[in-house]
Amino acid sequence: MTIKTVGVIGCGLMGSGIAQVSAQAGFPTVVVEVSQELLDRGIGGISRSLGGLVAKGRLGAPERDALLERLRGTTRLEELAACDLVVEAITENQDVKNETFARLDRLCPAQTILASNTSSCNVTAMAAATKRPSQVLGLHFFNPVPLMKLVEVGRTILTDDATFKTAWEWVQALGKAPVATKDSTGFIVNRLLVPYLLEAIRLLESGIASKEDIDQAMKLGCGHPMGPFTLLDLVGLDTAMYVAEVMFDEFREARLAPPPLLKRMVLAGQLGRKSGRGFYDYTQK
């Protein structure tokens, strides 16, 4: 099967990025949001992103205009019925995702591939909510989607070879670098990254070092572009805690349990950059 038209559910940070790179690669793309306000906000973000690329000379104005013509927004899930591939990029809630996949299964033609951008939820459970489990898989993009090259292609025990191959080739057509992984909570990157971030918080809790020195040590000692606390603030402490809780429920390993400091910061509303304060203060920036 060849992907010709693409649907994206969710026009937030991840969904808008996926829709943008899909349209940029030449695929007519439909993006769905639950309200016109959220849809306008997401499409507006894409337009600003493209405007920045044009201003920097990385994208021509005619190419930008052609891209936007290939991109269409809607609040009606039914308008995904003509898509060959639908990528779900909504909230990280297993029940909501399962319900969404069940609805897509009823709406889309038999050949449509259904994918989830989840970073922590169970893709097999989403597949089981449909009558086409062999055509369901994970496609985990990274933030910011237009810049990050990696996509984890998560195959469930039900995904067939044709679906995997088609999805893999579509990811390559976007100019991204796919890596293969089984459907396991956290896939590859978060399975390694989350314990590292949680251990950094435990180091801080125990008084071994300051957050500034831990960040500096990982940047200079390991060549990371940013330290763990800067990264946590960027990702969002609430997001990091949610993913850790899902992974802990799955594996029951102490290293995956959210540290007390993380829980208390989330309770206090100190979520990182998006709230103005996390491990660092962004209110003056």
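See the structure shown above.
Values in this document were obtained by computation on a predicted structure and should not be read as measured data. (Residues numbered from 1 in each chain as written. Predicted model: local features only at pLDDT ≥ 70, side-chain atom pairs only at ≥ 80, totals over all residues. Heavy atoms only, no water.)

**Q** Looking at this model, I keep getting lost on the overall build of the protein chain. Mind explaining?
**A** Assigned secondary structure in the protein chain consists of eleven helices and eight strands. Taking 2.2 N^0.38 as the reference for a compact globule, 285 residues should give roughly 19 Å; the C-alpha atoms of the protein chain span a radius of gyration of 19 Å, in line with that estimate. The C-alpha extent of the protein chain, read off along each of the three principal axes, is 55 × 45 × 35 Å. Counting over 285 residues, the protein chain shows a buried share of 46%. Long-range pairs, those at least 24 residues apart, make up 66% of the contacts in the protein chain with a sequence separation of at least 6. By element, 55% of the accessible surface of the protein chain is carried by carbon and sulfur atoms, the whole surface being about 13,600 Å². Side chains of the protein chain carry 31 positive and 31 negative charges; the gap between the two charge centres is 2 Å. (Helix = DSSP H or I, 4+ residues; strand = E, 2+ residues; numbered from the N terminus. Rg over C-alpha atoms; globule rule 2.2 N^0.38 Å. Buried < 20%, exposed > 50% of the residue type's maximum accessible area, 1.4 Å probe, protein only. Contact = heavy atoms within 4.5 Å. Areas by Shrake-Rupley, 256 points an atom, 1.4 Å probe, with all protein chains shown as cover. Lys, Arg positive; Asp, Glu negative; His and termini not counted. Charge placed at Lys NZ, Arg CZ, Asp CG, Glu CD.)

**Q** What is the right way to look at the pattern of salt bridges in this model?
**A** Opposite charge on two side chains allows them to pair when their charged atoms are near. Scanning the model with the defined rule gives 15 salt bridges in all. One salt bridge in this structure joins Glu37 and Arg41, with 3.3 Å as the shortest N-O distance. Here Glu37 pairs with Arg41, and both are found in helix H2 (residues 36-55), just four residues apart, close to one helical turn. Like Arg41, Glu37 is exposed. In this structure, Lys97 and Glu92 form a salt bridge, with 3.2 Å as the shortest nitrogen-oxygen distance. Here Lys97 matches Glu92 in class, with each residue buried. Three or more residues are tied together by salt bridges with common partners; here these are Arg72, Arg76 and Glu79. (Salt bridge = Lys/Arg side-chain N within 4 Å of Asp/Glu carboxyl O.)

**Q** Even after reading the chapter, I still don't get the nonpolar core, so can you show me in this structure?
**A** Considering soluble globular proteins, one finds that nonpolar side chains tend to be buried as a cluster. The biggest cluster of nonpolar side chains holds 34 residues, and the ones touching the most others in it are Leu139, Phe141 and Trp170. Contributing elements (two or more residues each) for this core: strand E1 (6-9), helix H1 (13-24), H2, strand E4 (85-88), strand E5 (113-116), strand E6 (136-141), strand E7 (150-155) and helix H6 (161-173). Not counting residues within four places of it along the chain, the set of residues in contact with Phe141 comprises Met14, Ile18, Asn117, Leu150, Val151, Trp170 and Leu174. Counting residues in each nonpolar core, the second largest holds 23 residues, with Leu197, Ile214, Leu231 and Val266 among its members. (Core = buried A, V, L, I, M, F, W, Y, C linked by side-chain atoms within 4.5 Å.)

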